[in-house]
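Commentary on secondary and tertiary structure
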Amino acid sequence: MVPRKSIHEKLTELANNLWWSWQPEVTSIFRSIDPVRWSELAHNPVLLLQEYPPDKLEQRAREEVMHSRVNWAYRQWREYMESDNTWGNTQAGILGYRPAAYFSAEFGIHESLPIYSGGLGVLAGDHLKSASDLGINLVGVGLFYHEGYFKQSVDTEGWQKEEYAELPMNALPLQEAIGKDGKQVTISVETQGGKIFARVFQVNVGRIPLYLLDSDVPENSQEDRDLTARLYGGDQRTRIRQEVLLGIGGARALNALGIVPRVVHMNEGHSAFAGLEIIRQRMHNDGMSFDNALRETAASSVFTTHTPVPAGHDRFDSGLIEEHIGPLAEDLGLNQEGLMALGRVDPQNHGESFCMTVLAFKTSRRANAVSNLHGVVSRRMWAGLWPWRSEEEIPVGHITNGVHVPTWLAHQMRVLYDKVLPAEWYLHTGEPQVWAGFEDVSPGELWETHQTLKNRLIAYARRRLVHQARKRGDDITTVEELADALDPETLTVGFARRFAPYKRSDMILHDMQQIEQICCDTNRPVQFIFAGKAHPADDHGKRILQRIYKLSKDAKFKGKIVFLENYDINLGRHLVQGVDVWLNNPRRPLEASGTSGQKVVLNGGLNLSIMDGWWAEGYDGTNGFAIGSGLIHAEQEVQDQRDAESLYEVLLNEVIPLFYDRDHDGLPQEWIQYMKNAVRTLGWRFNADRMVMDYVSATYVPAAGGISCEITTMP
Ligand SMILES: *Cc1c(COP(=O)(O)O)cnc(C)c1O
């Protein structure tokens, strides 16, 4: 007879598969073991269990009457892992025994594994989670950054400080990735200056294995050991070496694992060197010519471009390319000019540097942008690659981003969904009729639930404000005042994003008189919660952050405008689940999609956004608010001025009156109707199950079949 597993064994297994992170029930089991340590340990259950050896855990489990909850969770997990009754099995059978390989420079799965910086990473994490839920045969490939992305704090002057700390390797859900030879996989890539080595770890994300390369091995020089220390750290040379590891190293790692991907999906151009390595493998294994191997590789490759901002597209000079890709190019029979041509829009232009996005386009037959509008912009932006085609014929389609519902939907709100949506609605989130039932939710109950989540956000924000102020050494009165910052009855606007200048995080401050009136109105006040990191090298972004920080210290705005440090998935979750309104005011059309507003929708918050990215296709006049007309002025300053004026106008004439218009029970009936409209009309489209299903149907399956037709614009 197989001995029964102990509580400790079961919880250890659960902790080592990130599936737990999108199961509120399992999360709450970990929390109830030790609520204080749970939050001190950044919600890392592996670390927590290290403090609870079997006996001690057994005792806690008895005290908390946890046995049946653990057994239930464990059984759920086993059933999930073993179930083959999935969408993927019926719709993507062609991926049956050879998976799709999804390459990304960052993955944002949970705050305890901080190997992401922002939207791109969180999107990649959500992609893996939905692929797992849908039963798609997919593997992830990325880098393990052993210091992760930086931790942010702000000094008394409002200047951002970056802190890096070594992640606790032995307390992360990492395991050695074992190769065909039974040993941990290590790979190497030769450059003109010698080899770079990396070892490979595996992280389990539900059913999906994520392989992470780590260059911190003794075979490397100290400099190369630090290559994968930090996400987006270092200079161009660090960057190309990271991308060599991700693309070439990643493709070699799959090979060593015995995985021959049927489809390769490059999430952004960072991993585009993978195509060159796969071409080399084909030439070597199947005796193909370079041209044929390129054609075949491209036919089974998918590329997603993520930004119209030029700085978001890596470019390397000829010297760096020669040094790092020279040896591989030799195997491909390419000379330096032939190699450079693969990264140039105009192969003949010797002045053009090597662009990873161009390489990705040239080595994939299917390419897509991440929203309808971004598709239009990308076709224009990259038209030079297909000079014989008209703009509409440029072969770049779009699949609009979406978010993973179980990750972002608050538990309390989920209870409400369970009441009014069909049974097992969460297995069919991509279908509009499944969401239609949200219309039947009781207005009072919806409002109560939202108010509960808002109170939770405010309590959380106050705790963090006090903690920040103490750490900074602010005087006692300031600290005490912060303990009752923000008011639960006040219209609360959230704004959290990277402090990249195009996101215009300080737009609301355009007219100081206006903003003062808006915040300090005694009858109908508005308060703002800001969060976000600036890239360590971006002083412009840091100055914008500083402006907001200083305002939050201004006596007039104290407790009405607050800045929360260290935006991460955890803070993000609190914000998107608790705000009334989510503000987004990028310079159109630079926000390719944006996803944080989609998380807000699921929880009943309303978007107040520029008509850019996903919002340009989501907004219908009754499910949120639009800033600006969607027109673009040629002059940036004029555009900024217009958008700011429109923002104030919409706030004053639409948002504030609607929020404060209450019936005799104190309910904002019209506002609640907007909340319902938002969930009903947006939830089914802007979720990651729908997104992954689109990728599978429109790109993976055709690419797997080797059908070399081009992706068309999605409806
Ligand atoms: C969702 C998310 C993002 C992306 O949000 P945008 O709308 O693209 O700005 C960034 N960071 C975190 C922590 C997130 O959860």
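Residues numbered from 1 in each chain as written. Predicted model: local features only at pLDDT ≥ 70, side-chain atom pairs only at ≥ 80, totals over all residues. Heavy atoms only, no water.

**Topic: the packing of aromatic side chains**
For any two aromatic rings, the description comes down to two numbers: the centre-to-centre distance and the angle of the planes. For the structure on display, the rule yields 30 aromatic pairs. With 4.8 Å between their ring centres and 65° between their planes, Trp614 and Phe686 make a pair best called edge-to-face. Of the two residues, Trp614 is situated in the loop between strand E19 (606–610) and helix H26 (615–618) and Phe686 in the loop between helix H28 (669–682) and helix H29 (688–704); the sequence distance between them amounts to 72 residues. Across this residue pair, the class does not change: Trp614 and Phe686 are buried. Ring geometry for Trp615 versus Tyr619: centroids 5.6 Å apart, planes at 45°, classification tilted. We classify Trp615 as buried; its relative accessible area is 0%. Looking at Arg78, its charged tip hangs above the ring of Trp77, at a distance of 4.8 Å from the centre. For Arg662, the ring lying beneath its charged end belongs to Phe659, and the centroid distance is 4.8 Å. (Phe/Tyr/Trp six-rings, centres within 6.5 Å; stacked < 30°, edge-to-face > 60°. Helix = DSSP H or I, 4+ residues; strand = E, 2+ residues; numbered from the N terminus. Buried < 20%, exposed > 50% of the residue type's maximum accessible area, 1.4 Å probe, protein only. Lys NZ or Arg CZ within 6 Å of the ring centre and 35° of its normal.)

**Things to note about the confidence of the model for the chain**
In the predicted model, the chain carries a mean pLDDT of 95, and the fraction of residues at 70 or more is 98%. Here residues 707–715 is modelled with pLDDT under 50, and outside its nearest four sequence neighbours on either side it reaches 22 contacts, counting other chains as well. (pLDDT = per-residue confidence, 0-100. Contact = heavy atoms within 4.5 Å.)

**Observations concerning the site of the ligand**
Around the ligand sit 13 residues in total, of which Trp408, Lys503, Thr595, Ser596 and Lys599 are the nearest. Within the side chain of Arg497, a nitrogen or oxygen atom sits 3.3 Å from an oxygen atom of the ligand. Thr595 has a polar backbone atom sitting 3.1 Å from an oxygen atom of the ligand. Computed on the free molecule, the ligand has an accessible area of 390 Å², of which 94% lies beneath the protein chains in the complex. Of all the secondary structure elements, the ones that give two or more residues to the shell around the ligand are helix H8 (119–134) and helix H25 (596–602). Of the residues contributing to the shell around the ligand, the split by class is four nonpolar, five polar and four charged. Each of two domains, domain 2 (101–151 + 163–401 + 693–704) and domain 3 (410–419 + 431–455 + 490–684), supplies a minimum of three residues to the shell around the ligand. (Near = heavy atom within 4 Å. Polar contact = N/O pair within 3.5 Å; in protein donor to acceptor, adjacent residues only side chain to side chain. Areas by Shrake-Rupley, 256 points an atom, 1.4 Å probe, with all protein chains shown as cover. Nonpolar A, V, L, I, M, F, W, Y, C, P; charged D, E, K, R; others polar. Domains from an automatic or database assignment.)

**Quick word on empty space enclosed by the protein**
Counted according to the given criterion, the structure contains five cavities of 30 Å³ or more. Within this model, the largest cavity holds a volume of roughly 100 Å³. In terms of lining residues, the largest cavity is bounded by 13 residues, among which Leu465, Leu482, Ser552, Lys553 and Phe563 are the most central. Looking at the lining of the largest cavity, the elements with two or more residues in it are helix H20 (443–472), helix H21 (476–482), helix H23 (539–553) and strand E17 (561–564). Its residues assigned to classes, the lining of the largest cavity shows six nonpolar, four polar and three charged. (1 Å grid on protein atoms, 1.4 Å probe; cavity = no way out; pocket = protein on both sides within 12 Å on 5 of 7 lines; lining within 4 Å. Points joined across faces, edges and corners; volume = space filled by probe spheres on them.)

**Observations regarding a negative patch on the surface**
The grouping of Glu166, Glu223, Asp226 and Asp235 at the surface amounts to a negative patch. With respect to the helices and strands, Glu166 occurs in the loop between strand E4 (160–163) and strand E5 (174–176). (Patch = residues over 30% accessible without salt bridge, like charges linked within 9 Å, V, L, I, M, F, W, Y side chains within 5 Å. Salt bridge = Lys/Arg side-chain N within 4 Å of Asp/Glu carboxyl O. Lys, Arg positive; Asp, Glu negative; His and termini not counted. Charge placed at Lys NZ, Arg CZ, Asp CG, Glu CD.)

**Describing the domain arrangement of the chain**
Partitioning the chain into domains gives domain 1 (7–75), domain 2 (101–151 + 163–401 + 693–704) and domain 3 (410–419 + 431–455 + 490–684). For domain 1 and domain 2, the distance between their C-alpha centroids amounts to 35 Å. Taken together, the contact pairs 14 residues of domain 1 with 16 residues of domain 2. For the pair domain 1 and domain 2, the two sides together bury roughly 1,200 Å², of which 59% comes from carbon and sulfur. When the buried area of domain 1 at its contact with domain 2 is split by residue, Asn16, Leu18 and Trp22 rank highest and sum to 45% of it. In this structure, the connection of domain 1 to domain 2 is made through zero salt bridges. (Buried area = accessible area lost by both parts, 1.4 Å probe.)

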